[in-house]
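Listed below are the residues making up each chain.
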Amino acid sequence: MISPGTNPSHPSHVLLEQVFDFVGRCDSRGLIEVSDQNFADIVGIPVEKLIGLAAIDLIYPDDKHHAAQAWESSCVDPGPITLFRCRFLKHGKPTDWYEVIGRNSLDIDAQSTFYLMGARQTNHQPLDAARDRSAAILEILIDTIPNLVYVQNVQTQRLTFVNSRSNDVLGIDADQLRQIPAGILYSFIHRDEFIPADEYFQTMAKLPPRGVFEHRARVRHGDGNFRWIRFRDAVLTRDEAGNPLRILGTMEDIHDQTMQQLTLAGSERRYRKLIENAYGGTTLINADGIIEFESPANLHLSGTDLPPESIPVWEMAHPDDLNSAAAAWNQLLNQPGFTIKDHCIRAYAPDGRLCWYEISAVNLLDDPDVRTIVVNWHDVTERKQAEFAIRQSEERLKLTQEISGIGGWEWNVHTGDVWWSAQTCAIFGVDPAHFKPSEKSFFDMVHPDDWRHVQTSLGNAMRTGEGSKFQYRAIRNDGAVRWLEDIYLTEQNAEGNLAFVRGSVRDITEDVRAAQERARFEESVREIQKLESLGVLAGGIAHDFNNLLTVILASTDMASTDPASIALHLDRTRTATVRAGELCRQLLAYAGRDK
């Protein structure tokens, strides 16, 4: 009724105001926490000034010993009602007599709270009647508590008292609950949280005065589902050996909040596992640049816990990167919510290695749940070394291509994308910064007389999947015609289909010109050799022809001087003439004039 947050219009509060002349509440030290206006009027002190005063100091001195005895009794044996009569002080004078009822509620709601209620005595009613009235009022109060309150008789193992909250907490009617033996009630508790009876009673027996045994367990609800319940148990009465006779306890349904806590704990465990097993490190840094938290990955990345708490984080950077690191830090620090992504710095590892770290950070100093700068970083030394090796290899390849005059190219058959090296662009006379190679741009530079030849060569590659080479002429942007030679290989995908055609190209214009000059020279040599051979042949033929003419001339002379043998001489002349004609035909054929 007067605990924090109690609604003054609550029926129990109204009932108490009707029954008692004042109500109030003190803490475990006896200092007033709550008071109504009636009590303030009784002692002549405003309500706001009553808070924090010792209640014992407001009692008339002659009556303080009654109040002190009741207070001590309540502290030693919490729970039972205490009753005493006293007068209060008002402006230094005693007030009328008041019957004061007190109860230590420490063991009901786990608060160091003492409820005090008082009524002015007018007819000196018997104490038993006052107790009955107080007990009835307290029973009403107990029913207003949201928790299940019960009293267990240890010897009979029965619940001798259950308030009206049993249905709300356990889903079981109070009358029905009182009829269930404690042994059966224990079976409602989940086995993972079950405490054996012997162990439970031993624990209760060891409790000091005012001690409370608190534990949590899942309890089967009346609907068949398990719900989390918080138990707070205290010993009401003991036997001479100190063993519990009656136990006062409460059950509070904490299922929803426990499930939230378990969910949160599970999320926290998953988050911690994520942080602990993350590839990169996570660091929380305050506004002074001092590290407040490091994930375990820091040890894996740096070889040690990193860095000393007194060193601003940016001072770990390599001297050559110190300025850029400090500039990035200042930019991040001065802009709440600002994010830096993929900022790379170098730093020395404990073993002396110079390592590269890639850092992403966000300023969450204004976030009340974080209030730090969150930095995620990971070691990219191997990647940087690989990038450097690739750049070095590319530069060497570029230099090699420039020296050798050989360029490289690649054609993705499926996408149509074409790649040319810088040397290839130089061979075709185009600027790689402003030229995008493609199948069309390539054929636009092929000499029209060589289109069919080039298309046939590439078509064979598409059809057979085999590499080859071909020569063609290309017209550069400056109009120069150059002879080129391409050598290419093909690459197939997992399905066996042609995927890429990769090749090299070189300018063979000088080679072609040299070959042409060599061919012309060889032709000239052949002509000279032919002429020399012709001269030798002509000399032989002339000798043979001269012999034939001698025969003809002699036969003619003999025929003219010897008519009887003219036929013989004419036949010899004819034979020599035919032989002479044959020699002329051979000579003409050798000279290439035989048509």
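Parameters at a glance
Residues numbered from 1 in each chain as written. Predicted model: local features only at pLDDT ≥ 70, side-chain atom pairs only at ≥ 80, totals over all residues. Heavy atoms only, no water. Helix = DSSP H or I, 4+ residues; strand = E, 2+ residues; numbered from the N terminus. Contact = heavy atoms within 4.5 Å. Areas by Shrake-Rupley, 256 points an atom, 1.4 Å probe, with all protein chains shown as cover. pLDDT = per-residue confidence, 0-100. Core = buried A, V, L, I, M, F, W, Y, C linked by side-chain atoms within 4.5 Å. Buried < 20%, exposed > 50% of the residue type's maximum accessible area, 1.4 Å probe, protein only. Expected span 1.5 Å × (residues − 1). Arc of directions from axis to C-beta. Pairing = 2+ DSSP bridges. Axes fitted to C-alpha atoms, helices over the stretch in contact; angles between N-to-C directions. Phe/Tyr/Trp six-rings, centres within 6.5 Å; stacked < 30°, edge-to-face > 60°. Lys NZ or Arg CZ within 6 Å of the ring centre and 35° of its normal.

J.: So what about the overall build of the protein? Which residues, and what values?
T.: For the protein, the count of helices and strands is 19 helices and 20 strands. Across the protein, the fraction of contacts at a sequence separation of at least 24, relative to all contacts at a separation of at least 6, is 45%. Accessible area for the protein stands at about 34,500 Å²; split by element, carbon and sulfur atoms hold 54% of it.

J.: Describe the confidence of the model for the protein, listing the residues and the values that go with them.
T.: A residue-level look at the protein finds 82% of positions with pLDDT of 70 or above and a mean pLDDT of 79. This model gives residues 1–15 a pLDDT under 50, and the stretch forms 28 contacts once residues within four places in sequence are excluded. Long-range and interchain partners of residues 306–310, a stretch whose pLDDT sits below 50, account for eleven contacts in this model, where long-range means more than four residues apart.

J.: Kindly report on the nonpolar core, identifying the contributing residues and their values.
T.: Trp420, Phe428, Phe442, Val454 and Tyr472 are the most contacted members of the largest nonpolar core, which totals 24 residues. Looking at this core, the elements that each hand over two or more residues are strand E16 (406–412), strand E17 (418–420), helix H15 (422–428), helix H16 (439–445), helix H17 (451–464), strand E18 (468–475), strand E19 (481–492) and strand E20 (498–507). Discounting chain neighbours no more than four positions away, the residues touching tyrosine 472 are Phe428, Phe442, Val446, Asp450, Val454, Arg482, Trp483, Leu484, Asp486 and Val505.

J.: Which residues make up helix H13 (residues 322–333), and what values do they have?
T.: Here H13 spans 16 Å end to end across twelve residues, near enough to the 16 Å set by a 1.5 Å rise per residue. If you check which residues of H13 are buried, you get Ala325, Ala328, Trp329 and Leu332. Down the axis, H13 shows its buried residues gathered within 100° of arc, on one side only.

J.: Tell me about the side chain of glutamate 193, residues and numbers included.
T.: Mapped onto the fold, glutamate 193 is located in the loop between helix H9 (182–186) and helix H10 (197–205). Glutamate 193 has contacts with Arg216, Ala217, Arg218 and Trp228, leaving out every residue within four places of it along the chain.

J.: Would you mind going over the sheet that holds E17 in detail, with residue names and values included?
T.: Taken together, five strands build an open sheet; the order of strands is E17-E16-E20-E19-E18 and the sheet is antiparallel. Looking at strand neighbours, the two that pair on one side only are E17 and E18, the edges of this open sheet. Neighbour to neighbour, the strand axes of the sheet diverge by 25° on average, direction disregarded.

J.: Any chance you could break down the sheet that holds strand E15 (residues 372–379) for me, citing the residues and the numbers?
T.: The strand order across the open sheet built from five strands is E12-E11-E15-E14-E13, with neighbouring strands paired in antiparallel fashion. This sheet does not close on itself; its edge strands, each paired only once, are strand E12 (291–294) and strand E13 (339–348). Across the sheet, the axes of successive neighbouring strands diverge by a mean angle of 25°, strand direction being ignored. Packed on one face of the sheet, H13 meets strand E11 (281–285), E13, strand E14 (354–364) and E15 and runs near 150° to E13.

J.: An account of the pairing of strand E1 (residues 22–27) is requested, with residue identities and associated values reported.
T.: With respect to burial, E1 is a largely interior element, six of its six residues being buried. Across the two faces of E1 the burial is the same, with Phe22, Gly24 and Cys26 and Val23, Arg25 and Asp27 all buried. Pairing between E1 and strand E2 (residues 32–35): three bridges, direction antiparallel. Among the inter-strand pairings, cysteine 26 is bridged to a residue of E2, identified as isoleucine 32. Linkage of E1 to E2, two consecutive antiparallel strands, is achieved through a turn of four residues, within which glycine 30 is found at a positive phi near 85°.

J.: An account of the packing of aromatic side chains is needed here, citing residue identities and associated values.
T.: Each aromatic ring pair is specified by the distance between its two centres and by the angle formed by the two planes. Enumeration over the complete set of coordinates arrives at 15 aromatic pairs. Relative to phenylalanine 213, the ring of tyrosine 200 has its centre 6.2 Å away and its plane inclined at 50°; by these criteria the two rings are tilted. Note that tyrosine 200 is positioned in helix H10 and phenylalanine 213 in strand E8 (residues 213–220), a separation of 13 residues in sequence. When the centroid spacing of 6.2 Å and the interplanar angle of 70° are considered together, the rings of phenylalanine 428 and phenylalanine 442 count as edge-to-face. In this pair, phenylalanine 428 sits in helix H15 while phenylalanine 442 sits in helix H16, placing the two residues 14 residues apart along the sequence. We note that phenylalanine 428, like phenylalanine 442, is buried. Put simply, the rings of Trp420, Phe428, Phe435, Phe442, Phe443, Phe470, Tyr472 and Tyr488 touch in pairs and so form one group of aromatic residues. Positioned above the aromatic ring of tryptophan 356 is the side chain of lysine 384, whose terminal nitrogen or guanidinium carbon lies 4.9 Å from the ring centre. The side chain of arginine 502 reaches across the aromatic face of phenylalanine 500, ending 4.4 Å from its centre.

J.: Before we move on, could you go through the pairing of E19 and cite the residues and values that matter?
T.: Taken together, the eight bridges between E18 and E19 define a ladder with antiparallel strand orientation. Bridged to isoleucine 475 within E19 is valine 481. Linkage of E18 to E19, two consecutive antiparallel strands, is achieved through a turn of five residues, within which glycine 479 is found at a positive phi near 90°. Following E19, the chain reverses through five residues before pairing antiparallel with E20; glycine 496 in that reversal takes a positive phi of roughly 85°.

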